[in-house]
Amino acid sequence: MTRRAYRAAIAHMLDDPSRAPAEEACAYHPDGLLLVEDGHMAACGAWADLAPGLGDDVEMVELPGRLITPGFVDAHVHYPQTDVMAAWGTRLLDWLHTYTFPAEQAFADRAHADAAAAFFLDQLLANGTTSALVFCTVHKASADALFEAALACNMRLTAGKVLMDRGAPEGLTDTVETGRADTEALIRAWRGRGRLGYAITPRFAVTSTDAQLAMAGEVAAAHPDVLIHTHMSENPEEIAAVGELFPDARDYLDVYARHGLVGPRSVFAHCVHSDEDALRRMAAAGASAAFCPSSNLLLGSGLFSLKQACGCGVNTALGTDVGGGGSFSLLQMMAEAYKVGQLRGDNLNPLHAFYLATLAGARALHIDDKVGDFAVGKEADFVVLDLAATPLLARRTAQARTLAELLFILSVLGDDRTVERTYLMGRLAHARDT
Ligand code: GUN
Ligand code: ZN
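Rules and cut-offs
- Residues numbered from 1 in each chain as written.
- Chains lettered and ligands numbered in written order.
- Predicted model: local features only at pLDDT ≥ 70, side-chain atom pairs only at ≥ 80, totals over all residues.
- Heavy atoms only, no water.
- Near = heavy atom within 4 Å.
- Polar contact = N/O pair within 3.5 Å; in protein donor to acceptor, adjacent residues only side chain to side chain.
- Areas by Shrake-Rupley, 256 points an atom, 1.4 Å probe, with all protein chains shown as cover.
- 1 Å grid on protein atoms, 1.4 Å probe; cavity = no way out; pocket = protein on both sides within 12 Å on 5 of 7 lines; lining within 4 Å.
- Sits in = over half its atoms within 2 Å of the grid points.
- Nonpolar A, V, L, I, M, F, W, Y, C, P; charged D, E, K, R; others polar.
- Pairing = 2+ DSSP bridges.
- Helix = DSSP H or I, 4+ residues; strand = E, 2+ residues; numbered from the N terminus.
- Axes fitted to C-alpha atoms, helices over the stretch in contact; angles between N-to-C directions.
- Salt bridge = Lys/Arg side-chain N within 4 Å of Asp/Glu carboxyl O.
- Buried < 20%, exposed > 50% of the residue type's maximum accessible area, 1.4 Å probe, protein only.
- Points joined across faces, edges and corners; volume = space filled by probe spheres on them.

1. Looking at the site of ligand 1
So, step 1. Around ligand 1 sit H78, Q81, L92, W95, L96, R203, F204, H231, E234, H270, S295 and D321, and those are all the residues in its vicinity.
So, step 2. In the model, a nitrogen atom of ligand 1 is placed 3.5 Å from a nitrogen or oxygen of the H231 side chain.
So, step 3. Between ligand 1 and D321 there is a distance of 2.6 Å, counted from a nitrogen atom to a side-chain nitrogen or oxygen.
So, step 4. In isolation ligand 1 exposes 280 Å². Once the protein is present, 100% of that is buried.
So, step 5. In a pocket analysis with a 2 Å cut-off to the grid points, ligand 1 is assigned to the largest cavity.
So, step 6. Considering only residue class, the shell around ligand 1 consists of four nonpolar, five polar and three charged.

2. Considering the sheet that holds strand β14 (residues 382-386)
So, step 1. If you trace the seven strands from one edge of the open sheet to the other, you get β3-β2-β1-β4-β14-β15-β16, paired in mixed fashion. Looking at which strands have only one partner, the edges of the open sheet turn out to be β3 (40-46) and β16 (427-431). Ignoring which end each strand starts from, the neighbouring axes of this sheet average 35° apart.
So, step 2. Of the strand pairs in this sheet, β14 and strand β15 (residues 419-424) are connected by four bridges, and their pairing is antiparallel. If you follow V383 over to β15, its bridge partner there is T422.

3. Remarks on the pattern of salt bridges
So, step 1. Using the criterion set out here, one finds 32 salt bridges in the structure.
So, step 2. Where R203 meets E104, a salt bridge forms, and the shortest distance between an N and an O atom there is 2.9 Å. With a gap of 99 residues between them, R203 in the loop between β9 (196-202) and α7 (210-222) and E104 in helix α3 (residues 92-105) connect regions that are remote in the sequence.
So, step 3. Among the residues examined, E104 registers a relative accessible area of 0% and is labelled buried.
So, step 4. Residues participating in the shared-partner salt-bridge network are R156, R195, E379 and D381.

4. Concerning empty space enclosed by the protein
So, step 1. Summed over the entire model, instances satisfying the criterion amount to two cavities of 30 Å³ or more.
So, step 2. If you add up the space inside the largest cavity, you get close to 80 Å³.
So, step 3. As for the largest cavity, its lining consists of H78, Q81, L92, W95, L96, R203, F204, H231, E234, H270 and D321.
So, step 4. Ranked by residue count, the leading element in the lining of the largest cavity is α3, at three residues.
So, step 5. Of the residues in the lining of the largest cavity, the class split is four nonpolar, four polar and three charged.
So, step 6. Approximately 50 Å³ is the volume attributed to the second largest cavity.
So, step 7. Along the walls of the second largest cavity sit M334, Y338, L348, N349, P350, A353, L407, F408 and S411, which together make up its complete lining.
So, step 8. Of all the secondary-structure elements, those providing two or more residues to the lining of the second largest cavity are α13 (330-344), α14 (350-357) and α17 (403-413).
So, step 9. For the lining of the second largest cavity, the element with the highest residue contribution is α17, accounting for three residues.
So, step 10. The class makeup of the residues in the lining of the second largest cavity is seven nonpolar, two polar and no charged.

Here it is in structure tokens:
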């Protein structure tokens, strides 16, 4: 058995701080110790309490000036869209047709998909992201490429082939039957291998017929352990188009609900314009929202109300939504979420932002029994943040008096430079300086 202990400041969230008392929601050890045994958490606490009881067989790693946190969870991201990051001048529907669909066409080529998947996973790890819920493209091989690469590096990753049987260019559409066959084949091939999960992935209501959404619901019912991952209520033109395509539906959520696609394993990206009625129905169903602030700002989609979503009881996590979003960094997403709150007159508490980027994401992905915090027995996916990664960070983090202040400084001023090391099940998977 390998046993290794890491000494650093350590912080993790144990619950939603907007619902639980702060002492119960957050654990912080300014001089802490994390003990990892065979890839799993064996202990986490104050160094002074735990160090005396460690046996001689434990290898000690001293990390002064560092903060250890759980690996970040990106609750909504598109691996084929790295090449449309920072595309200028459009909003959602225009952006899809001008930039995104052309870029996704290239994933018909398996070699292109393999190279893009490798680059994408490197970016996640360099940014401290250890789990993600990922869109592929309509091509089955795009999902094979990502799953193969994620299995090789032992990431806890959930993904799916996009379903899209209308409203997209030739070469980017499937049909009800090919979508079903490819989805079933991918579930058989990858679900549960290593740390992989599958998500049935209709792109959004604009690009799937009722027949295809019905098929997605049937496949979901046949595989109760898979997720359902799609977009909803992101942009006003999109919502108007859905109203025209589905005139009988009560609202956007109902388009999905009618086909059995709204349940505890559903993750809806955006929900920027979802009203209280829809949010309450999501909460009643146990569905999650992925708040993607960078994308919502860059695509001019609108200002998500985290306060309203939380008030309605919707589990909300954070997504980069690359390539709509402008960064792979969940630290940056915490800051972007704060800025959206500022524009709405709501202050996002840094501990809440940290929860969104870790345990809330794990809950949305139904992997919180495995990752998301440092409870004993969980998989040891964690990051080492360098509090002095830049001269400015060194100066400002030295002035932080509380964990909340420290996290806020790291989110506003930090990014991939802050992530010194990323560990997957106790194994070093990324080191900034090598
Ligand atoms: N809605 C449908 N497809 C997409 C996409 O690729 N990105 C975003 N942000 N929204 C979408
Ligand atoms: Zn998206």
